[in-house]
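In case you want the letters, here they are:
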Amino acid sequence: MGRRLGAGGGACPRVPAGRIAGAGRRAAADRLAGVERARGEKARVAEGERRRGAGDKKKAAWVRNNQESYWATKFNAGIQAINSAQEAYPDFTREPESDADKTLKEQAEKNYSEAISDLTAASQLKPGDARTIRNLGTVHALMGDYAAAEKVLTDALAIAPSDTDIVSAMQS
């Protein structure tokens, strides 16, 4: 029933044959359990990657929404700066006639510079947006920098050739 273990027939305890076979089964069961654990871990990793992929899509959507929000903030600030400059000194290319006019023109120049900065930032947040580029060109034209205005508007036409506002801005 049992086998005697040990070399040379020494006094080793007898281990029943079923227990030796059971030990082999347990080792096989342990190996199988290890394989199953590895498969489970692999499945958990795959599930995590799938979820992260979904998270990446959510993160990408969040970034797009925030980018749109930042663009709108910069774009609107640029438009407000243009309006403030035009209110301060409507004909920017005209020389000031008094100290008060000189102060107003300086304020308008500061506002136009802010508009250029804001609209440039907006164009970097949303490259190729015709409205942003058109308004940036308009600021340069209002300041009397016609060469810069022409360059910006020419670039805008390359991006949006059918934009009638850009075409009319180029003609005026």
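Residues numbered from 1 in each chain as written. Predicted model: local features only at pLDDT ≥ 70, side-chain atom pairs only at ≥ 80, totals over all residues. Heavy atoms only, no water.

Student: Please explain the packing of helix 3 (residues 130-142) against helix 4 (residues 146-159) as it appears in this structure.
Tutor: Helix packing for two helices is described by the angle between their axes and how far apart those axes are. The N-to-C vectors of helix 3 and helix 4 enclose an angle of 165 degrees; their axes lie 7 Å apart at closest approach. Taken together, helix 3 and helix 4 sit at an angle that is classed as roughly antiparallel. Note that helix 3 runs across helix 4; the crossing there is left-handed. Each of I133, R134, L136, G137, H140 and A141 in helix 3 lies in contact with helix 4, whose residues at this interface are Y146, A148, A149, V152, L153, A156 and I159. Its residues placed into classes, the contact of helix 3 with helix 4 shows 10 nonpolar, 2 polar and 1 charged. (Axes fitted to C-alpha atoms, helices over the stretch in contact; angles between N-to-C directions. Helix = DSSP H or I, 4+ residues; strand = E, 2+ residues; numbered from the N terminus. Parallel < 35°, antiparallel > 145°, perpendicular 65-115°, else oblique. Left-handed = near helix turned anticlockwise from the far one by under 90°. Contact = heavy atoms within 4.5 Å. Nonpolar A, V, L, I, M, F, W, Y, C, P; charged D, E, K, R; others polar.)

Student: Which parts of the structure should I look at to understand the confidence of the model for the protein chain?
Tutor: As a note on interpretation, predicted positions should not be read in detail where pLDDT is low. Mean pLDDT over the protein chain stands at 80; residues scoring 70 or higher make up 68%. Confidence, expressed as mean pLDDT per element, reaches its minimum in the protein chain at strand 1 (residues 2-4) with 48 and its maximum at helix 2 (residues 99-125) with 96. Taken together, the stretch residues 1-13 has pLDDT below 50 and engages in 17 contacts with residues farther than four places along the chain or on a different chain. (pLDDT = per-residue confidence, 0-100.)

Student: Would you explain the side chain of D129 in this entry?
Tutor: If you trace the backbone, D129 turns up in the loop between helix 2 and helix 3. You can call D129 buried: its relative accessible area is 11%. (Buried < 20%, exposed > 50% of the residue type's maximum accessible area, 1.4 Å probe, protein only.)

Student: Just to check I follow, could you spell out the pattern of salt bridges for this structure?
Tutor: In this structure the tally under the stated criterion is 7 salt bridges. One salt bridge in this structure joins D155 and K151, with 3.2 Å as the shortest N-O distance. Of this pair, D155 and K151 both sit in helix 4, 4 residues apart, which is roughly one turn of that helix. Beyond isolated ion pairs, a larger network of salt bridges with shared partners links R134, D163 and D165. (Salt bridge = Lys/Arg side-chain N within 4 Å of Asp/Glu carboxyl O.)

Student: I tried to follow the nonpolar core on my own but got confused; where do I start?
Tutor: Most often, soluble globular proteins keep nonpolar side chains buried together rather than apart. A108, Y112, L119 and V139 are the most contacted members of the largest nonpolar core, which totals 21 residues. The element best represented in this core is helix 1 (residues 17-88), accounting for 6 residues. In this structure V139 touches I82, Y112, A115, I116 and L119, once residues within four positions along its chain are discounted. (Core = buried A, V, L, I, M, F, W, Y, C linked by side-chain atoms within 4.5 Å.)

Student: Help me out: how do you make sense of the environment of A141 in this one?
Tutor: Note on placement: A141 falls in helix 3. With 28 residues separating them in the primary sequence, A141 and A169 have C-alpha atoms 9.3 Å apart. What A141 contacts, discounting residues up to four positions off in sequence, is Y146 and A149.

Student: Which parts of the structure should I look at to understand the packing of aromatic side chains?
Tutor: Between two aromatic rings, the relevant description is the distance of the centres plus the angle of the planes. Within the structure shown, the criterion is met by 2 aromatic pairs. Consider the rings of F92 and Y112, whose centres lie 5.3 Å apart with planes at 90 degrees: the pair is edge-to-face. Placement of F92 in the loop between helix 1 and helix 2 and of Y112 in helix 2 is noted, with a sequence separation of 20 residues between them. Assigned by exposure class, F92 and Y112 land together as buried. (Phe/Tyr/Trp six-rings, centres within 6.5 Å; stacked < 30°, edge-to-face > 60°.)

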